[in-house]
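# An overview of the molecular structure
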Amino acid sequence: MAAAPTFPTDSTNQDSIARDNASDYNWHPWSTRRALRCISCQNTYPLRAVIYRCSECGELLDVVYPRPRVDPERLKRRWLRRRASTNPIDLSGVWRFRELLPFYDSLDQIVTYPEGNTPLLDAPRSAAYAGVRRLRVKHLGFNPTGSFKDYGMVAGVTQARILGMRAVACASTGNTSASMAAYAARAGLASIVLVPEGGVSFAKLAQSLDYGALTLQVRGDFDVAQALLQQIAPDLGIYILNSINPFRLEGQKSVMIELLEQCGWKAPDRIVVPGGNLGNSGSYGKALRELNDLGLLTKRPRITIVQAHGAAPLYDAFSSGHSESLVRVHARTLATAIKIGSPVSWKKARRAVHWSDGWVTSVDEQDIADAKAIIGSDGIGCEPASATTLGAVRRLAQEGTDERIDPDEDVVAILTGNVLKDPDYTLRYHSSELYEEFRTESVITGKANPLKSNFANPPVVIDATAEALIAAIKDRLSI
Ligand code: F0G
């Protein structure tokens, strides 16, 4: 068994800082052959190596391919045609774009649910709340397991099957685990899930139980669980399906391709995305970089990453002007999906921000809670982590302290998870029972720092009589 790669600390010297930032800007997407390539020193590894970091310098890896030789206009037509196919692979919102993720050798290796094909929705109340003319949301919560993770998991599990792995594992704040458990079950692989004990919503925990994963509740936070898994996985022959796995991010690229197609290939000005472990934003950067090189982008949409204020190490790095290093934080936020203090993929996210001339910002708990209710009032709904996007658009459009969003900008917010992922949070908000010190969604441990439920729509209890029913309606609605 190969020795486990060592993981470097984040204390970088001046030479590597200069090199890293330069490679963010001069980032070449293609390669002469299919391979895994270090994002920093460019060392390459075989496509089928079970490896997550460069063994030379310890940095993350990209999956790279030769530049596709198909004419981009033909590619667009082919992708569109596949929507009318009866083949599940063609119908998948990931594999429909398979020319841009050709890491498989034959179509029979491919796993699919299918996934993707998520809607791009106009959100007029959200736009008015944020103070922009128009806001569209791409809702990735319409996936089979209710979050964006399915876009990546289908690719990660496909690679696990190609490699002949018997077991897959992840540390998770709940959505990765739900997705991995489902896809592993579909592919006939054993799955092992590590979640912070009491730090994951019941809905997400229930999913991984139902899909048959060995579900381990770790007495520690996500960052501890993630480090533990990286320590033990190589020796046990377990394949890690966190976003440190570059194949996951290949699948997540499809979100951008699908979005561009939905926009009639007219790129939006800005794409706002929540950031936790920072794999998703990193994958968007790679997708846009490749699409740009193929001539499929009309402009570079500015990737704007939003973190929760209490879990914002990338924001801290950017706002202090030191994006060359990341200081881990002890994460605190009710948006448990992004409660991450030491994000693995931060250099890929930084590369995406630099390349797209984007931005990193943060929002507080009140911003998140109110934005979530507003997205709900559009009849859309999402989980708290996703609502950071609207909170950020509002702040940047109205305050414009660090970066300004022009009200006429064409903005797309990425909603990463379904409203049913965290019903407890939603109920508490609408019942004016949401507290910042309300530690988890599953256990009440304290009730300090109440949040205001500015847009509450509380449930009303009535007697079981026609009079009470009529009174309740007339009191509240002018119909
Ligand atoms: N939104 C939701 C709903 C998430 O579940 C996550 C991450 C993110 C945003 C952030 O994405 O990590 O790629 O920056 N959830 C992971 C999990 C960590 O384990 O489910 P990221």
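Here the structure is a predicted model, which means the values were calculated and not measured. (Residues numbered from 1 in each chain as written. Predicted model: local features only at pLDDT ≥ 70, side-chain atom pairs only at ≥ 80, totals over all residues. Heavy atoms only, no water.)

Now for the site of the ligand. As a structural note, the neighbourhood of the ligand is formed by 19 residues, with Ser172, Gly276, Asn277, Leu278 and Thr416 the closest of them. With respect to the ligand, the backbone of asparagine 277 contributes an N or O atom lying 2.7 Å from an oxygen atom. Protein coverage of the free-state accessible area of the ligand, which is 470 Å², stands at 99%. Elements with a minimum of two residues in the shell around the ligand: helix H6 (175–187) and helix H11 (279–293). Each residue belonging to the shell around the ligand can be placed in one class, and the counts come to six nonpolar, 11 polar and two charged. (Near = heavy atom within 4 Å. Polar contact = N/O pair within 3.5 Å; in protein donor to acceptor, adjacent residues only side chain to side chain. Areas by Shrake-Rupley, 256 points an atom, 1.4 Å probe, with all protein chains shown as cover. Helix = DSSP H or I, 4+ residues; strand = E, 2+ residues; numbered from the N terminus. Nonpolar A, V, L, I, M, F, W, Y, C, P; charged D, E, K, R; others polar.)

A few words on the sheet that holds strand S8 (residues 214–218). Across the sheet, which stays open at both edges, the four strands sit in the order S8-S7-S6-S9 with parallel pairing between neighbours. With partners counted over all chains shown, the strands left at the sheet margins are S8 and strand S9 (239–240), one partner each. Taken together, the five bridges between strand S7 (residues 190–196) and S8 define a ladder with parallel strand orientation. By the bridge assignment, leucine 194 is partnered in S8 with leucine 216. (Pairing = 2+ DSSP bridges.)

Turning our eyes to something else, we now look at the pattern of salt bridges. Under the definition given, this model contains 34 salt bridges. Residue glutamate 99 is joined to arginine 82 by a salt bridge in which the shortest nitrogen-to-oxygen separation is 2.7 Å. Remark: arginine 82 occurs in helix H2 (residues 72–82) and glutamate 99 occurs in the loop between helix H3 (88–91) and strand S4 (120–122); sequence separation between them is 17 residues. Here the two residues glutamate 99 and arginine 82 agree in accessibility, since each one is buried. Residues participating in the shared-partner salt-bridge network are Arg78, Arg82, Asp90, Arg98 and Glu99. (Salt bridge = Lys/Arg side-chain N within 4 Å of Asp/Glu carboxyl O. Buried < 20%, exposed > 50% of the residue type's maximum accessible area, 1.4 Å probe, protein only.)

Attention now goes to helix H5 (residues 149–163). The end-to-end C-alpha distance of H5, which contains 15 residues, comes to 21 Å, matching closely the 21 Å that a straight helix rising 1.5 Å per residue would cover. Within H5, 13 of the 15 residues are buried, which leaves it mostly tucked inside the rest of the structure. Once H5 ends, the next one or two residues include glycine 164, with phi positive near 75°. (Expected span 1.5 Å × (residues − 1).)

Let us now look at the packing of H6 against helix H7 (residues 202–210). One way to put it is that H6 packs onto H7 with a least axis distance of 8 Å and a crossing angle of 20°. Between H6 and H7, the angle is such that the two are roughly parallel. Helix-helix and strand crossings are classified by hand; for H6 and H7 the assignment is left-handed. Note on element contacts: H7 touches H6 through Lys204, Gln207 and Ser208, opposite Asn175, Ser177, Ala178 and Ala181. Taken together, the residues of the contact of H6 with H7 break down into two nonpolar, four polar and one charged. (Axes fitted to C-alpha atoms, helices over the stretch in contact; angles between N-to-C directions. Parallel < 35°, antiparallel > 145°, perpendicular 65-115°, else oblique. Left-handed = near helix turned anticlockwise from the far one by under 90°. Contact = heavy atoms within 4.5 Å.)

Right, let's get into a nonpolar patch on the surface. The grouping of Val460, Ile462, Leu469, Ile473, Leu477 and Ile479 at the surface amounts to a nonpolar patch, some 560 Å² of accessible area in total. Within the secondary structure, isoleucine 462 sits in the loop between helix H16 (423–430) and helix H17 (466–476). Taking the relative accessible area as the measure of exposure, isoleucine 462 reaches 37% and is therefore partly exposed. (Patch = residues over 30% accessible without salt bridge, like charges linked within 9 Å, V, L, I, M, F, W, Y side chains within 5 Å.)

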